[in-house]
Amino acid sequence: MHKLFLLCTLLLMVQFVSSDCIAAEEINALEKMKGRVAYSDAPLSNSNGLLKEYRKHVVITASSTWSGWPCEKLIDEDLETSWFSAGRDSFAQGTDPWIEISLNRGETVRRISLLGNREPSWRYGYAVKIGKFEFIDKDGKVIASKVEEAANDAGDIDCVLKDPALGVFKIRFTSTGDEGTENPYGDIAIGEIQIE
Ligand SMILES: [Ca+2]
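Note that the structure is a prediction, hence the values are computed from the model and not measured.

This brings us to the overall build of the protein. Scanning the protein from N- to C-terminus turns up two helices and seven strands. Written out in order from the N terminus, the α and β elements of the protein read α-α-β-β-β-β-β-β-β. The buried share among the 196 residues of the protein stands at 41%. Contacts in the protein between residues far apart in sequence, at least 24 positions, make up 76% of those at least 6 positions apart.

Structure follows, in structure tokens:
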């Protein structure tokens, strides 16, 4: 009697697990029909303390800009607005696209996060997947450098320094891997920058 009860319980468990698998497969099939893969895109949890305090002093430049999608969109605190590079300015198309954040004063920086593009109309195929962060002092010398990969499909890239960098005047990010061949224009996009 005890064994029979155990067997029934096991059979019920197998049925539940199978149902879950089928549901996941159906969702993936639906996403594939739409020509895209479902994104795991919970944004990172950077406090953004430094930019919140000094936003007015910060100047951002880039290797290029798509008209109408300027660098200012990188710090407008809106996840659904992005900077886009000009056409064919992406690592995948053979260039070294970069963005540079000038703090215009010496700051202590322990973390910078890039939040990937989430513009509803241009959501897929523009993400940066890997890149180099360089922390630069007032003389233009690189005092810290780190290569980081995206934490998720949306292209969120987190760079945490083990020891905070002191006297940082500029931070430069250069794409070394992106989706520049996965959209018709050959460009890339980033939604927000957060620094603490
Ligand atoms: Ca934005």
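The structure having been displayed, the exposition proceeds.
Now for the nonpolar core. Judged by nonpolar contacts, the single largest core of 31 residues is most densely connected at Ile99, Ile101, Ile112, Phe135, Ile193 and Ile195. Looking at this core, the elements with two or more residues in it are helix H2 (49-54), strand E1 (59-62), strand E3 (98-116), strand E4 (128-136), strand E6 (157-178) and strand E7 (189-195). The dominant element in this core, judged by the number of residues it contributes, is E6, at seven residues. Not counting residues up to four positions away in its chain, the partners in contact with Ile112 are Asn46, Ile101, Phe133, Phe135, Ile157, Asp158, Cys159, Ile171, Ile193, Gln194 and Ile195.

On to the confidence of the model for the protein, then. Here the protein shows a mean pLDDT of 85. Residues at 70 or above account for 78%. Throughout residues 24-39 the model reports pLDDT below 50, and contacts reaching past four residues in sequence, or to other chains, amount to 11 contacts.

Here we come to the packing of aromatic side chains. Here the structure, examined in full by the defined rule, presents five aromatic pairs. Arranged with centres 5.3 Å apart and planes meeting at 75 degrees, the rings of Phe84 and Tyr126 form a pair that is edge-to-face. In this pair, Phe84 sits in strand E2 (residues 83-84) while Tyr126 sits in the loop between E3 and E4, placing the two residues 42 residues apart along the sequence. Both rings, one in Phe133 and one in Phe173, keep their centres 4.7 Å apart while their planes meet at 50 degrees; by these two values the pair is tilted. Here Phe173 lies in strand E6 and Phe133 lies in strand E4, a separation of 40 residues in the sequence. Classification of Phe133 by relative accessible area gives buried; the value is 0%. Overall, Phe173 belongs to the buried group, its relative accessible area being 3%. Feature note: the residues Trp66, Trp122 and Tyr185 constitute an aromatic cluster, connected by ring pairs. Over the aromatic face of Trp98 sits the side chain of Arg172, whose NZ or CZ is 4.1 Å from the ring centroid.

Another aspect to go through is the pairing of E7. Most of E7 sits inside the fold, with seven of its seven residues counted as buried. Where E2 and E7 come together, two bridges link them in antiparallel fashion. The residue bridging Phe84 from the neighbouring strand is Ala189, located in E7. Here E3 pairs with E7 via five bridges, running antiparallel.

Before going further, it helps to spend a moment on the coordination of the calcium ion. Note on the calcium ion: its protein donors are Lys73 (O), Asp76 (OD), Asp78 (O), Thr81 (O), Thr81 (OG1), Gly191 (O) and Glu192 (OE). The metal-donor distances range over 2.3 to 2.6 Å. On the accessibility criterion, Asp78 (34% relative accessible area) is partly exposed.

Within the secondary structure, Arg111 is located in strand E3. Overall, the relative accessible area of 11% leaves Arg111 in the buried class. Within the structure, Arg111 has its side chain in polar contact with the side chain of Asp158 (distance 2.9 Å). Setting aside its immediate chain neighbours within four residues, Arg111 contacts Leu44, Ser45, Asn46, Asp158, Cys159, Val160, Gln194, Ile195 and Glu196.

Here we take up the pattern of salt bridges. For the coordinates displayed, the defined rule picks out 12 salt bridges. With a shortest N-O distance of 2.3 Å, Arg110 and Glu196 are connected by a salt bridge. Separated by 86 residues along the polypeptide, Arg110 in strand E3 and Glu196 in the segment after E7 bring together distant segments of the chain. Its relative accessible area of 16% is what places Glu196 among the buried residues. Between Asp156 and Arg118 there is a salt bridge; the shortest N-O distance is 2.9 Å. Note that Asp156 is positioned in the loop between strand E5 (142-149) and E6 and Arg118 in the loop between E3 and E4, a separation of 38 residues in sequence.

Parameters at a glance
Residues numbered from 1 in each chain as written. Predicted model: local features only at pLDDT ≥ 70, side-chain atom pairs only at ≥ 80, totals over all residues. Heavy atoms only, no water. Helix = DSSP H or I, 4+ residues; strand = E, 2+ residues; numbered from the N terminus. Buried < 20%, exposed > 50% of the residue type's maximum accessible area, 1.4 Å probe, protein only. Contact = heavy atoms within 4.5 Å. Core = buried A, V, L, I, M, F, W, Y, C linked by side-chain atoms within 4.5 Å. pLDDT = per-residue confidence, 0-100. Phe/Tyr/Trp six-rings, centres within 6.5 Å; stacked < 30°, edge-to-face > 60°. Lys NZ or Arg CZ within 6 Å of the ring centre and 35° of its normal. Pairing = 2+ DSSP bridges. Donors = N, O, S within 2.8 Å, 3.2 Å for Na, K, Ca; no water. Polar contact = N/O pair within 3.5 Å; in protein donor to acceptor, adjacent residues only side chain to side chain. Salt bridge = Lys/Arg side-chain N within 4 Å of Asp/Glu carboxyl O.

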